[in-house]
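# Descriptive structure summary
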Amino acid sequence: MEARAQKKYLRMSPRKMRLVVDMIRGKSASEAFSILRFSPKKASIYAQDVLKSAISNLSNLEDGKSVNPDDVYIKEAYVDQAPTLKRIQPAPMGRAYRIRKRSNHLTIVVATKQ
């Protein structure tokens, strides 16, 4: 059985988020939580929230039975690019530099080992 959770429009570059998601892909949920807890990246906080939500969704699919994180693994975890906010910053000699504030969509799919 599998469940998924998704968080959209995260205000962080997809490239930075992928560094964290690549560390937990394919791991068991308990191992992923320990990796995310001790990761210094800001993206790990968002990934931890989405992972908790995915495990909760899996619990709801199994009629509210509590799910042991040791029996759950991360089947899929991926980051998609979301819309980019385009801003202008003044530059020397009357020019303007474009600032691109990127965002992403994070999706995590968890499944039981059986």
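Scope of this entry: the structure provided in the associated data block. (Residues numbered from 1 in each chain as written. Predicted model: local features only at pLDDT ≥ 70, side-chain atom pairs only at ≥ 80, totals over all residues. Heavy atoms only, no water.)

### A word on the sheet that holds strand E2 (residues 72-81)
The antiparallel open sheet is built from three strands, whose spatial order is E1-E5-E2. Strands at the two margins of the open sheet, each flanked by one partner only, are strand E1 (2-10) and E2. In this sheet, adjacent strand axes meet at a mean angle of 15 degrees when their direction is disregarded. The pairing of E1 with strand E5 (residues 104-112) spans seven bridges and is antiparallel. Within E5, the position partnered with Arg4 by the bridge is Val109. Helix-sheet contacts for helix H1 (residues 14-24) involve E1, E2 and E5, and the interaxial angle to E2 is about 165 degrees. (Pairing = 2+ DSSP bridges. Helix = DSSP H or I, 4+ residues; strand = E, 2+ residues; numbered from the N terminus. Axes fitted to C-alpha atoms, helices over the stretch in contact; angles between N-to-C directions. Contact = heavy atoms within 4.5 Å.)

### Regarding the pattern of salt bridges
Per the counting criterion, the structure on display carries two salt bridges. Close ionic contact of Glu2 with Lys75 constitutes a salt bridge, the shortest N to O distance being 2.5 Å. Highlighted residues: Glu2 in strand E1 and Lys75 in strand E2, separated in sequence by 73 residues. Owing to a relative accessible area of 39%, Lys75 belongs among the partly exposed residues under this scheme. (Salt bridge = Lys/Arg side-chain N within 4 Å of Asp/Glu carboxyl O. Buried < 20%, exposed > 50% of the residue type's maximum accessible area, 1.4 Å probe, protein only.)

### As for helix H2 (residues 29-37)
Buried residues of H2: Ala29, Ala32, Phe33 and Leu36, and no others. Here the buried residues of H2 occupy an arc of 100 degrees about the axis, which is enough to place them on one side. Next to the buried residues of H2 lie H1, helix H3 (43-61) and E2. (Arc of directions from axis to C-beta.)

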